Amino acid sequence: MSGRSVSRRALDGAIIAAFAATSLATGSALVANHAFADETCNSPYMRNVIKGQEDYVYVWTLGVEGLGDGSDKIVTIDVNPASSQYGKIVHALSVGARGEAHHMGFTDDRRHLWAGGLDDSRIYIFDVYSDPSRPKLVRSLSDLPQRTGLVGPHTFYAMPGRMLVQFLSNSDDHGGATGMAVFTNKGELIRSYKMPTAQGGDGYGYDIGINPKKNVMLTSSFTGWNNYMMDFGKMLQDPEAMKRFGQTMVLWDVKTMQPKKIFNVPGSPLEIRWSLNEGDNWAITASALTSTLWLVKQDAGGEWQAKAVGNIGDPAQIPLPVDISITADGKGLWVNTFMDGKTRYIDLTDPEHPRQTYEKVTGKQVNMVSQSWDGKRVYITSSLLANWDKKGDNDEQVLRAFSWDGNELKPLFELDCYAHKLGRAHHMKFGTNSIKAAYEPLDDTLAQAR
Amino acid sequence: MNLSTTPSRKRASGWGAGVLALLLAGAALAHEAPRSRLDFTPPVPGTYRLERIMPAPDGKVIDAQRQRARLKNYTQGKVTLLSLMYTACSDETGCPLAFYSIAMIKRDLEKSVAARGKVRVVSLSFDPEHDTPEVMRAYGGNHVGGATPVPWHFLTTESRGDLAPMLTGFDQDVSRPRKEAAGKELLHVLKLFLIDRDGWVREIYTTSYLAPQVVVNDIETLLLEAAATVD
């Protein structure tokens, strides 16, 4: 290495060091605000890079026997209106197995997308940075029930350098008692955690939502393999099966990964969304079976409390609220109700008193809903679970894109997943070319150097 | 999210208007971005366990005095707080914030008898083409040198080839501007790695939510763990 004069940039560093030294004398403690952008439901630890138009929507589809190769797939759809491929499938990658594809999540550096199967308990890790238009499978994990006793990887939640995965079931009795497991970003298992069964805990799990500034994590609760793999109609007629749904949310200390408080939240609370609005300290969820919105918030004494704050539709009609998507400013919430196929907008200006201000039938059955950071685009998909989806003509499987102007959802395009032999459309994640266009991974140049 | 003072286990944080003005002045070195505080009391050291996440990688490094060594010489035998960084980073929520936070942590640790001689800090550059030992020495300023209770080592590498196994081992993403987009900074998610004396990464922090008191408590937790092992 040749000697080199100290540059202006190094001097900048010295200035920063001097600034730091000066600040030290004051004893102040700083934390950077997170530059939120991208999808509103991502982990707060994740690099957020989509500040404008998303380029792709990745859809994790469940294979259907006799349709195409019958396997689960990650499907890439071009959603940039400036593209000649707008609204078209640009890539579909089969994983060669049908394992009840369900949810996905990015690593903190947004280089990899993890996706799981609720039936076969496999986890697939896709490289989405080398070519965002063509996700590449780089690793699959297939022995998790044997290694952890956990079944049905559901939520994939980025933590610094790690992935926290919430499971739905267990390998002993395939019931609802379950846990979480944390992995390195490369997929090495670090350890697993059981959901609490004492102090009112039911041991069930579903979603994860972390508020780093409060050092708290919320988890919710669904049901085990025996139920989510059962025919929906049959399950509804089985009183014992209907008792086996989660009734709790758990507040955890993120640092210690210990439960701090267990809330009684009947009716199976599902997706958890923390308000992203600076200054807010609350999260919201929807209980599927009771069609109720629940607010988790600190009271005046700083104690975390959960309370029901409103209904979604008419609970007596069992609309079955499923996915929810909070707006970037925390003032609104999209809610999909599976049974009536409606996409509803809930005004959260006062989260203690939410009120529905809009609804539209967006499909014969609707499950997942995602919105762009600016709230101008809303995407919905149709599948809940292979054995819970509607039958016959009502079993449409689609990705639908809408524009939202604050008053009306207007169709942009739709993709018929059955016609394209893709299967059932479940979870969505946004993709972008922005990093690839401006940067190249140092890894590539390092590889050349090697 | 609500932001208020992070209560320290040992002292209350000071937040005067003058401090804020100073910090905002510091932020002006790079981009416009507000800063805020965490709002929780960190758990007490020794009351929780830090998991063994992965072994810290090894590789060839060179220090600010141009001495060649292996990285493992800086990641084993003591509790180590390691930052992967580059000196030209001007995003105040990135490397400069890490520098500032490490300086705070170092200052707190040097007040602790238990930490003296048992903790080190390392800044390792992933920009070897620019960050020569001379540049790292200038960047480290008065912090360079080992004659303090908690030494801070400023390391770089002689080539990208030498850097490769360490970036891969820490799973640190780094992207550089394409030629047509020259002038932009390196793109990376800034992380700090807490490494135990056996060379295992036990915690990974992102500067997006970095609370120095939490890091200090984690270091004390590892020191208590080590003391219990010796006993």
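Conventions adopted
Residues numbered from 1 in each chain as written. Chains lettered and ligands numbered in written order. Predicted model: local features only at pLDDT ≥ 70, side-chain atom pairs only at ≥ 80, totals over all residues. Heavy atoms only, no water. Helix = DSSP H or I, 4+ residues; strand = E, 2+ residues; numbered from the N terminus. Contact = heavy atoms within 4.5 Å. pLDDT = per-residue confidence, 0-100. Buried < 20%, exposed > 50% of the residue type's maximum accessible area, 1.4 Å probe, protein only. Pairing = 2+ DSSP bridges. Core = buried A, V, L, I, M, F, W, Y, C linked by side-chain atoms within 4.5 Å. Polar contact = N/O pair within 3.5 Å; in protein donor to acceptor, adjacent residues only side chain to side chain. Axes fitted to C-alpha atoms, helices over the stretch in contact; angles between N-to-C directions. Salt bridge = Lys/Arg side-chain N within 4 Å of Asp/Glu carboxyl O.

A. Summary view of the environment of Lys255(A). Relative to the helices and strands, Lys255(A) is located in the loop between strand S15 (248-253) and strand S16 (258-264). Spatially, the C-alpha atom of Lys255(A) lies 39 Å from that of Ala92(A), the residues being 163 residues apart in sequence. With residues up to four places along the chain from it excluded, the contact list for Lys255(A) reads Asn215(A), Pro43(B), Tyr48(B), Leu50(B), Glu203(B), Tyr205(B), Val214(B) and Asp218(B).

B. Expanded view of the confidence of the model for chain A. Here chain A averages 91 in pLDDT, while 89% of its residues score no lower than 70. In this model, residues 1-36 of chain A is a region of pLDDT below 50 whose contacts with residues beyond four sequence positions or in other chains number 104 contacts.

C. How the structure looks around the pairing of strand S26 (residues 377-381) of chain A. Residue and element names in this part refer to chain A. Within S26, 5 of the 5 residues are buried, which leaves it mostly tucked inside the rest of the structure. Burial along S26 is two-sided: Arg-377, Tyr-379 and Thr-381 facing one way and Val-378 and Ile-380 facing the other are all buried. Note: strand S25 (residues 369-371) against S26, 3 bridges, orientation antiparallel. Looking at S26, one finds that Ser-370 is bridged to Tyr-379. Where S25 hands over to S26, the hairpin turn is made up of 5 residues, of which Gly-375 adopts a positive phi near 75°. Examined bridge by bridge, S26 and strand S27 (residues 398-404) share 5 bridges and lie antiparallel to one another.

D. Region of interest: the nonpolar core. The biggest cluster of nonpolar side chains holds 78 residues, and the ones touching the most others in it are Leu164(A), Met217(A), Leu71(B), Phe170(B), Phe193(B), Val201(B) and Ile219(B). If we skip the residues at most four places from it in the chain, Phe193(B) touches Met54(B), Thr80(B), Leu81(B), Leu82(B), Leu84(B), Phe170(B), Gln172(B), Val201(B), Glu203(B) and Ile204(B). Of all hydrophobic cores here, the second largest spans 20 residues; its members include Leu118(A), Val151(A), Met235(A) and Phe245(A).

E. The arrangement of the side chain of Thr156(B) in detail. Topologically, Thr156(B) is positioned in strand S7 (residues 152-156). In terms of polar contacts, Thr156(B) uses its side chain to reach the backbone carbonyl oxygen of Asp131(B), at 2.7 Å.

F. Layout of the sheet that holds S16(A). Residues and elements named next belong to chain A. Spatially, the 4 strands line up as an open sheet ordered S13-S14-S15-S16, and their pairing is antiparallel. The two strands at the open ends of the sheet, each matched to only one other strand, are strand S13 (208-211) and S16. Between one strand and the next, the sheet's axes are offset by a mean angle of 20°, whatever the strand orientation. In the sheet, strand S14 (residues 216-219) pairs with S15 via 4 bridges, with the strands oriented antiparallel. Bridge assignment links Leu-218 to a residue of S15, and that residue is Leu-251.

G. Structural view of unusual backbone geometry. Residue and element names in this part refer to chain A. At Arg-110, a position not held by glycine, the phi torsion is positive, near 60°. Backbone geometry places Gln-199, a non-glycine residue, at a positive phi of 55°. Tracing the backbone through its elements, the reader meets Gln-199 in the loop between strand S12 (189-194) and S13. Residue Gln-199 is classed as exposed on the basis of its relative accessible area, which comes to 76%.

H. Focus on the confidence of the model for chain B. Per-residue pLDDT for chain B averages 81, and the proportion of residues at 70 or more is 80%. Note that residues 1-36 of chain B has pLDDT below 50 and, in this model, 91 contacts with residues that lie over four places away or in other chains.

I. Just the environment of Gln356(A), in detail. Residue and element names in this part refer to chain A. Here Gln-356 shows up in strand S24 (residues 355-361). In this structure, the C-alpha to C-alpha distance between Gln-356 and Ser-142, residues 214 residues apart in sequence, is 43 Å. With near-sequence residues (within four places) excluded, Gln-356 lies in contact with Gly-313, Arg-344, Tyr-345 and Ile-346. Reaching out from Gln-356, the side chain makes a polar contact with the side chain of Arg-344 at a distance of 3.1 Å. Within the structure, Gln-356 has its side chain in polar contact with the side chain of Glu-359 (distance 2.6 Å).

J. Seen up close, the pattern of salt bridges. Tallied over the full model, the rule gives 41 salt bridges over all chains. Across the pair Glu240(A) and Lys243(A) runs a salt bridge whose closest N-O atoms are separated by 3.0 Å. Of this pair, Glu240(A) and Lys243(A) both sit in helix H5 (residues 239-243), 3 residues apart, which is roughly one turn of that helix. You can call Glu240(A) partly exposed: its relative accessible area is 43%. Note on Lys243(A): relative accessible area 58%, which makes it exposed. Close ionic contact of Arg66(B) with Glu134(B) constitutes a salt bridge, the shortest N to O distance being 3.0 Å.

K. Molecular detail of the environment of Leu412(A). All names here are of chain A. Topologically, Leu-412 is positioned in strand S28 (residues 409-416). Among the residues examined, Leu-412 registers a relative accessible area of 38% and is labelled partly exposed. With residues up to four places along the chain from it excluded, the contact list for Leu-412 reads Tyr-86, Arg-377, Ala-401, Phe-402 and Ser-403.

L. Quick peek at the sheet that holds strand S23 (residues 342-347) of chain A. Residue and element names in this part refer to chain A. Spatially, S21-S22-S23-S24 is the arrangement adopted by the 4 strands of the open sheet, whose pairing is antiparallel. The sheet is open, and its two borders are formed by strand S21 (321-326) and S24, each paired with just one other strand. Geometrically, the sheet is characterised by an average inter-axis angle of 20° between neighbouring strands, direction not taken into account. The pairing of S23 with S24 spans 6 bridges and is classified as antiparallel. Bridge pairing in S24 links Tyr-345 to Tyr-358.

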